[in-house]
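This is what each chain is made of:
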Amino acid sequence: MSEEKSEKDLFQLGLKIRREVLGDDYVDAALAASTDFNGDFQRYITSSAWGAVWGRDTLSKRDRSLITICQLAALGHHEELALHIRATKNTGLSREDVKEALIQVAVYSGVPAANSAYRVANKVFQEIDDLAQ
């Protein structure tokens, strides 16, 4: 049984993992944009999503990334989907992995959800390719 981590420990772990997955620039910008209104939310997602969930050692970052992309695609959360597709360079997912995941989404969550997700993925990958040139 794993030992309980304090809120501070979860935040620090979450911040480390969030930076590893999304990159320093993104995390720095998100934290800099933190206000009195959304600061508690930033701390919450860093501690809970990134520390308590992504910080578990049962699944790899690659596996969690794949699951996250499928869930975001299925739920139609396109802005977050684009963010996590950009993060595949840090999680070890290939474009082929994303393509296969979105085919899975089509079968289990519906063609419209996958169709929209493919549009998002195509746009993100094109942006990445344009920056690489």
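Look above for the structure.
Now for a look at the structure at hand. (Residues numbered from 1 in each chain as written. Predicted model: local features only at pLDDT ≥ 70, side-chain atom pairs only at ≥ 80, totals over all residues. Heavy atoms only, no water.)

### Some points on the side chain of Asp97
Selection criterion: Only DSSP runs of H or I reaching four residues or more are called helices, and only runs of E reaching two or more are called strands; each is numbered from the N terminus. Pairs of N or O atoms within 3.5 Å make up the polar contacts considered here, provided that, within protein, one atom can donate a hydrogen while the other can accept it, and that residues adjacent in sequence are counted only when both atoms are side-chain atoms. Note on contacts: a residue pair qualifies if any of its non-hydrogen atoms lie within 4.5 Å across the two residues.
Its location among the elements puts Asp97 in helix α7 (residues 95–109). Within the local environment of Asp97, its side chain forms a polar contact with the backbone nitrogen of Ser94, the two atoms lying 2.8 Å apart. Sequence-distant contacts of Asp97, that is, excluding residues within four places in its chain, are made with Arg62, Leu66 and Gly92.

### Structural notes on the environment of Val21
Applied cut-off: Only protein chains enter the calculation, and the probe is 1.4 Å; a residue is then buried if its accessible area is under 20% of its type maximum, exposed if over 50%, and partly exposed in between.
Its location among the elements puts Val21 in helix α1 (residues 7–22). By relative accessible area, Val21 is classed as buried at 0%. Residues Val21 and Thr88, 67 residues apart in the sequence, show an inter-C-alpha distance of 7.9 Å. Apart from the residues within four sequence positions on either side, Val21 is in contact with Trp50, Trp54, Lys61, Ala87, Asn90 and Thr91.

### Digging into the packing of helix α4 (residues 61–75) against helix α5 (residues 78–86)
Let me state the cut-off plainly: Structural elements are reduced to axes, namely lines fitted to C-alpha atoms, with helices fitted over the stretch in contact, and the angle between N-to-C directions of any two is expressed from 0 to 180 degrees. Here is the rule for angles: anything less than 35 degrees is roughly parallel, anything more than 145 is roughly antiparallel, 65 through 115 is roughly perpendicular, and the remaining ranges are oblique. Each crossing gets its handedness from the near helix: less than a right angle anticlockwise from the far helix is left-handed, clockwise is right-handed. Throughout this entry, Asp, Glu, Lys and Arg are counted as charged residues, while Ala, Val, Leu, Ile, Met, Phe, Trp, Tyr, Cys and Pro are counted as nonpolar. The remaining residues, Gly among them, count as polar.
Across the interface, α4 lies against α5 with an axial gap of 9 Å and an inter-helix angle of 155°. With respect to their mutual orientation, α4 and α5 come out roughly antiparallel. Like other packed secondary-structure pairs, α4 and α5 cross with a definite hand, here left-handed. Of the residues in α5, those in contact with Thr68, Ile69, Leu72 and Ala73 of α4 are Glu80, Leu81, His84 and Ile85. Residues of the contact of α4 with α5, tallied by class, amount to 5 nonpolar, 2 polar and 1 charged.

### Observations regarding the packing of α5 against helix α8 (residues 111–132)
Between α5 and α8, whose axes approach to 9 Å, the crossing angle comes to 45°. Put simply, α5 runs oblique to α8. As α5 packs across α8, the resulting crossing turns out to be right-handed. In this structure, α5 contributes His78, Leu81, Ala82, Ile85 and Arg86 to the contact, and α8 contributes Ser116, Ala117, Val120, Ala121, Val124, Phe125 and Glu127. When the residues that make up the contact of α5 with α8 are grouped by side-chain class, the tally is 8 nonpolar, 2 polar and 2 charged.

### Examining the layout of surface pockets
To keep things clear, this is the line we draw: In this analysis, the protein atoms alone were mapped onto a 1 Å grid. Cavities are point sets where a 1.4 Å probe fits without being able to get out; pockets are open sets with protein on both sides within 12 Å along at least five of seven lines; lining residues have an atom within 4 Å of a point. Grid points are joined across faces, edges and corners, and a volume is the space filled by probe spheres set on the points.
Approximately 440 Å³ is the volume attributed to the largest pocket. Forming the boundary of the largest pocket are 20 residues, of which Ala49, Trp50, Trp54, Thr68 and His84 lie nearest the centre. Mapped by element, the contributors of at least two residues to the lining of the largest pocket are α1, α2 (24–32), α3 (39–53), α4 and α5. Counting residues per element, the lining of the largest pocket draws most heavily on α3, at 6 residues. Residues of the lining of the largest pocket, tallied by class, amount to 13 nonpolar, 4 polar and 3 charged.

### As for the nonpolar core
Quick note on the threshold: For the purposes of this section, nonpolar cores are sets of buried Ala, Val, Leu, Ile, Met, Phe, Trp, Tyr and Cys residues that join through side-chain atoms within 4.5 Å.
Ile69, Leu81, Ile85, Leu102 and Val105 are the most contacted members of the largest nonpolar core, which has 19 residues in total. Listing elements by their share of this core, those giving two or more residues are α4, α5, α7 and α8. It is α8 that contributes the most residues to this core, 7 residues altogether. The contact partners of Ile69, leaving out residues within four places of it in the chain, are Leu81, His84, Ile85, Thr88, Leu93, Val98 and Leu102. Of all hydrophobic cores here, the second largest spans 10 residues; its members include Ile17, Val21, Trp54 and Leu83.

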